[in-house]
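Understanding the architecture of this molecule
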Amino acid sequence: NAGVMQNPRHLVRRRGQEARLRCSPMKGHSHVYWYRQLPEEGLKFMVYLQKENIIDESGMPKERFSAEFPKEGPSILRIQQVVRGDSAAYFCASSPTPTGAQYFGPGTRLLVL
Amino acid sequence: AQSVTQLDSHVSVSEGTPVLLRCNYSSSYSPSLFWYVQHPNKGLQLLLKYTSAATLVKGINGFEAEFKKSETSFHLTKPSAHMSDAAEYFCVVSVGFGNEKLTFGTGTRLTIIP
């Protein structure tokens, strides 16, 4: 059983461009979580999704950030008009149930120039 | 609201000696508690999980943690450190109600001295 997959692993964008981060959960997992890790900090919760639904987006910035988890395909975290402060590692986790342990992907490291 | 405090940002121990990484939590409800490990430029791996069963939890790679409600602590220990244990360790708390949103501590960097 493959683990949580994230791509790309590294992403470089210039200020004002869009960043699209993808997460494929483990097989059989329908719950996906996105976290952001700023340098020298712990992970901060951003959003929790189930298939086709956003359950909790209390950690998402109000502007420029959006997330989806369509019926088919990976979950997408989209950042529009990126700024230097968006530079961070973005981790996706999945679980089989709402209360199951979360399994993390390797992360996408976003660098905004 | 829930939170965790990792009392040491850096810990250094000699190979073969015990490891103690300290964590205190705050939660209004019965929490679930976790320890995750992150090796450089890698994702996070679950070491162990406490969910109101036995208070002494055994994890992978010889690690264990003890839940002490009276002290609101969940310290991580290992009897004998190995070079491969060098990594960043995160103490994590969550409160259920159908949404296991995890709250992370700021991490403890463990260095192993040969």
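Quick caveat: nothing in here was measured; it's all calculated off a predicted structure.

**So, the interface of chain A and chain B**
Taken together, the 22 residues of chain A in the interface contact 18 residues of chain B. Carbon and sulfur atoms make up 52% of the area that chain A and chain B hide from each other, which totals about 1,600 Å². Joining chain A to chain B, the criterion identifies zero salt bridges. Along the contact surface separating chain A from chain B lie three residue pairs in polar contact (both at pLDDT 80 or more). Residue assignment for the side of chain A that touches chain B shows that the elements contributing at least two residues are strand S4 (31–37) and strand S5 (43–50) of chain A. Along the lines of polarity and charge, the residues of the side of chain A that touches chain B split into 10 nonpolar, seven polar and five charged.

**As for the sheet that holds strand S8 (residues 75–79) of chain A**
For sheets, the rule is that strands pair by backbone hydrogen bonds, running either parallel or antiparallel. Residue and element names in this part refer to chain A. Overall, antiparallel pairing links the four strands, which are arranged S1-S3-S8-S7 in an open sheet. The open sheet has two edge strands with one neighbour each: strand S1 (5–7) and strand S7 (65–68). With direction set aside, neighbouring strand axes in the sheet form an average angle of 15 degrees. In terms of strand pairing, S1 meets strand S3 (residues 19–24) through three bridges, oriented antiparallel.

**Describing the nonpolar core**
Residues B:Trp35, B:Leu76 and B:Tyr89 are the most contacted members of the largest nonpolar core, which totals 26 residues. Broken down by element, the residue count for this core peaks at four residues, all from strand S10 (residues 87–94) of chain B. Judged by nonpolar contacts, the second largest core, of 23 residues, contains A:Leu21, A:Cys23, A:Ala88 and A:Cys92.

**Overview of unusual backbone geometry**
Of note, the bond from A:Asn7 into A:Pro8 is cis; its omega dihedral lies within 30 degrees of zero at -5 degrees. Here A:Pro8 lies in the loop between S1 and strand S2 (10–13). Phi is positive for B:Asn61, which is not a glycine, with a value near 60 degrees. Tracing the chain through its elements places B:Asn61 in the loop between strand S7 (56–58) and strand S8 (64–68). At B:Thr72, a position not held by glycine, the phi torsion is positive, near 45 degrees.

**Things to note about the environment of A:Ile76**
Residues and elements named next belong to chain A. Counting through the fold element by element, Ile-76 comes out in strand S8. In this structure, the C-alpha to C-alpha distance between Ile-76 and Leu-110, residues 34 residues apart in sequence, is 14 Å. Excluding its chain neighbours within four sequence positions, the residues that come into contact with Ile-76 are Arg-20, Leu-21, Arg-22, Trp-34, Ser-66, Ala-67 and Glu-68.

**Thoughts on the pairing of strand S11 (residues 108–112) of chain A**
All names here are of chain A. Extensive coverage of S11 is indicated by the burial of four of its five residues. Bridge count for S2 against S11 is four bridges, and the pairing is parallel. Bridged to Leu-11 within S11 is Leu-110. In terms of strand pairing, strand S9 (residues 88–95) meets S11 through three bridges, oriented antiparallel. When the sheet's bridge partners are listed, Ala-88 is paired in S11 with Leu-110.

**Some details on the confidence of the model for chain B**
A low pLDDT score tells you not to read the predicted coordinates there in detail. Of the residues in chain B, 95% have a pLDDT of 70 or more, and the chain-wide mean is 90. Averaged pLDDT values for the elements of chain B fall to 89 in strand S11 (residues 102–104) of chain B and rise to 98 in strand S3 (residues 19–21) of chain B.

**Description of the state of the cysteines**
Residue and element names in this part refer to chain B. The tally for this structure, following the rule as stated, stands at two disulfides over all chains. What pairs with Cys-23 in a disulfide is Cys-91, and their sulfur atoms sit 2.0 Å apart. When the S-S torsion is -65 degrees, as for the bridge of Cys-23 with Cys-91, the disulfide is left-handed. In this pair, Cys-23 is assigned in strand S4 (residues 23–26) and Cys-91 in strand S10, connecting sequence segments 68 residues apart.

Rules behind the numbers
Residues numbered from 1 in each chain as written. Chains lettered and ligands numbered in written order. Predicted model: local features only at pLDDT ≥ 70, side-chain atom pairs only at ≥ 80, totals over all residues. Heavy atoms only, no water. Contact = heavy atoms within 4.5 Å. Buried area = accessible area lost by both parts, 1.4 Å probe. Salt bridge = Lys/Arg side-chain N within 4 Å of Asp/Glu carboxyl O. Polar contact = N/O pair within 3.5 Å; in protein donor to acceptor, adjacent residues only side chain to side chain. Helix = DSSP H or I, 4+ residues; strand = E, 2+ residues; numbered from the N terminus. Nonpolar A, V, L, I, M, F, W, Y, C, P; charged D, E, K, R; others polar. Pairing = 2+ DSSP bridges. Axes fitted to C-alpha atoms, helices over the stretch in contact; angles between N-to-C directions. Core = buried A, V, L, I, M, F, W, Y, C linked by side-chain atoms within 4.5 Å. Buried < 20%, exposed > 50% of the residue type's maximum accessible area, 1.4 Å probe, protein only. pLDDT = per-residue confidence, 0-100. Disulfide = S-S within 2.5 Å.

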